[in-house]
Structures are given as structure tokens and as C-alpha cells.
Amino acid sequence: MPRISDWLVIERPQIASLVVRSTVPLKELKSEMAEAREKLIAYFNLIDAHPAGDFFVTYHSFSKKDVDMEAGYPTFERMAGEEEITTSEKVAGLYLSCIHQGPHNKIPHVYREMDEWLKENHFETTGESEEIYLNEGVQEELLLTQILIPILEDVNGERE
């Protein structure tokens, strides 16, 4: 089961977060995400704090070879990091969003659908994307992932 929601164009405010940024071979993506999550949870426990939302990954670039990513958690306020855990912010702006249900390895199909929606509705993307993992720890078929891509309106071939 792929996309389970309609496409939504949302405007999101800037959101403080703590992240681990890395560039990894595509084949190591899953283990890098798990390692980043563990480091972040350990850090929250160390400073006696809690995340303000679900674990997410922002993909700055994604190729068949390498992935440049920030894995993190939103925070209630801007917080200092330590070592490889750094302060970051989810960027404010317009996003195309939907919810995917199922294994993470089935998500690329939704990105292809998003590309079609963008063309049909005269929007462009910046090339980045974000996935928010809403219910980790369940059977793969029940995983829920919110996918967000930043968008810009394309009016007569020019961005607005």
C-alpha cells in the first residue's frame, strides 16, 4: 500500500531541531539512520530533555551512490548540540506533502508520483526532501511516513 493521503500543499514555519549530518553510501542509509537516532536519543537522555516530535531525515541530495542527509528530531526550542550532534532548523516555506504507508523501500514510487503532480500543477522543487517517520517499531506494512518536498510556484517558466 503506497500513498494513503491526498497531496497537500502546506506552509510550514521554521522549526528548531538537533541533527546528525552525514554523507553515506546508499547501501548504508538504513544503518546510518538507526545510528543517528540512537545517538540523538542518548543525547536527549544525557541532557534530560525530550524531542518535540517524530524522527525525521532531510535529504539534501540523493543519488544511486551517495546520500547527503540530516537525521534528527525537532526540539521545543533552539538547543546546543555536542560533537557530531548539531543545532539545525527545518526550513520554513511551502511544501508538497502526503502520507505513505508501508516499507520505506517502497517510498520512491511516491516521489515519482510527486514529480508528476508538480508538473501538472506548475510547481518546482528545490531538490531536497524530508521524511518524517510517524510510527517506527511496527510491522513494515503498517509504517507511516510523511513525505515533504519544498516547492516553488513556476509561473511561465519562472519561479516565484
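Residues numbered from 1 in each chain as written. Predicted model: local features only at pLDDT ≥ 70, side-chain atom pairs only at ≥ 80, totals over all residues. Heavy atoms only, no water.

This part covers the overall build of the protein. Along the protein, the regular secondary structure elements total 2 helices and 10 strands. Tracing the protein from N to C terminus, the helices and strands come up as β-β-α-β-β-β-β-α-β-β-β-β. Taking 160 residues into account, the globule formula puts the C-alpha radius of gyration at 15 Å, and the protein, at 16 Å, falls close to it. Judged by the C-alpha coordinates and their principal axes, the protein covers about 50 × 35 × 30 Å. Among the 160 residues that make up the protein, the fraction classed as buried is 42%. (Helix = DSSP H or I, 4+ residues; strand = E, 2+ residues; numbered from the N terminus. Rg over C-alpha atoms; globule rule 2.2 N^0.38 Å. Buried < 20%, exposed > 50% of the residue type's maximum accessible area, 1.4 Å probe, protein only.)

Note that Thr75 resides in the loop between β4 (66-74) and β5 (85-90). In this structure the side chain of Thr75 is engaged in a polar contact, spanning 2.7 Å, whose partner is the backbone oxygen of Glu77. (Polar contact = N/O pair within 3.5 Å; in protein donor to acceptor, adjacent residues only side chain to side chain.)

Okay, the packing of aromatic side chains next. Enumeration over the complete set of coordinates arrives at 5 aromatic pairs. Where Phe44 meets Tyr73, the ring centres are 5.9 Å apart and the plane angle is 85°; that geometry is what we call edge-to-face. Taken as a pair, Phe44 in helix α1 (residues 29-46) and Tyr73 in strand β4 lie far apart in primary sequence, 29 residues in all. For Tyr73, a relative accessible area of 8% puts it in the buried group. (Phe/Tyr/Trp six-rings, centres within 6.5 Å; stacked < 30°, edge-to-face > 60°.)

What follows covers the nonpolar core. Counting residues in hydrophobic clusters, the biggest one holds 20 residues, and the most contacted among them are Leu18, Met33, Leu40, Phe55, Val57, Tyr59 and Met69. Secondary structure elements with two or more residues in this core: β2 (15-25), α1, β3 (56-62) and β4. Broken down by element, this core gets its largest block of residues, 6 residues, from α1. (Core = buried A, V, L, I, M, F, W, Y, C linked by side-chain atoms within 4.5 Å.)

Moving on to the side chain of Gln146. Structurally, Gln146 can be placed in strand β9 (residues 144-155). If near-sequence neighbours (up to four positions away) are discounted, Gln146 is found in contact with Ile10, Ser97, Cys98, Ile99, Glu130, Glu131, Ile132 and Leu134. (Contact = heavy atoms within 4.5 Å.)

Enumeration according to the criterion identifies 8 salt bridges in this entry. Note that Asp68 is salt-bridged to Arg21, the shortest N-O span being 2.7 Å. One end of the pair, Asp68, is in strand β4; the other, Arg21, is in strand β2, with 47 residues separating them in the sequence. You can call Asp68 buried: its relative accessible area is 16%. Arg21 gets classed as partly exposed once you look at its relative accessible area, which sits at 44%. Salt-bridge contacts for Lys39 lead to Glu84; the nearest nitrogen and oxygen are separated by 2.7 Å. Of this pair, Lys39 sits in helix α1 while Glu84 sits in the loop between β4 and β5, and the two are 45 residues apart along the sequence. By relative accessible area, Glu84 is classed as partly exposed at 43%. (Salt bridge = Lys/Arg side-chain N within 4 Å of Asp/Glu carboxyl O.)

Within the fold, Ile149 resides in strand β9. Looking at Ile149, the relative accessible area reads 5%, which means it is buried. Along the chain, Ile149 and Glu130 lie 19 residues apart, while their C-alpha atoms are 6.2 Å from each other. In this structure, Ile149 is in contact with Leu94, Tyr95, Leu96, Tyr111, Met114, Leu118, Thr125, Glu128 and Ser129, ignoring residues within four places of it in sequence.

None of this, on its own, says anything about what the molecule does.
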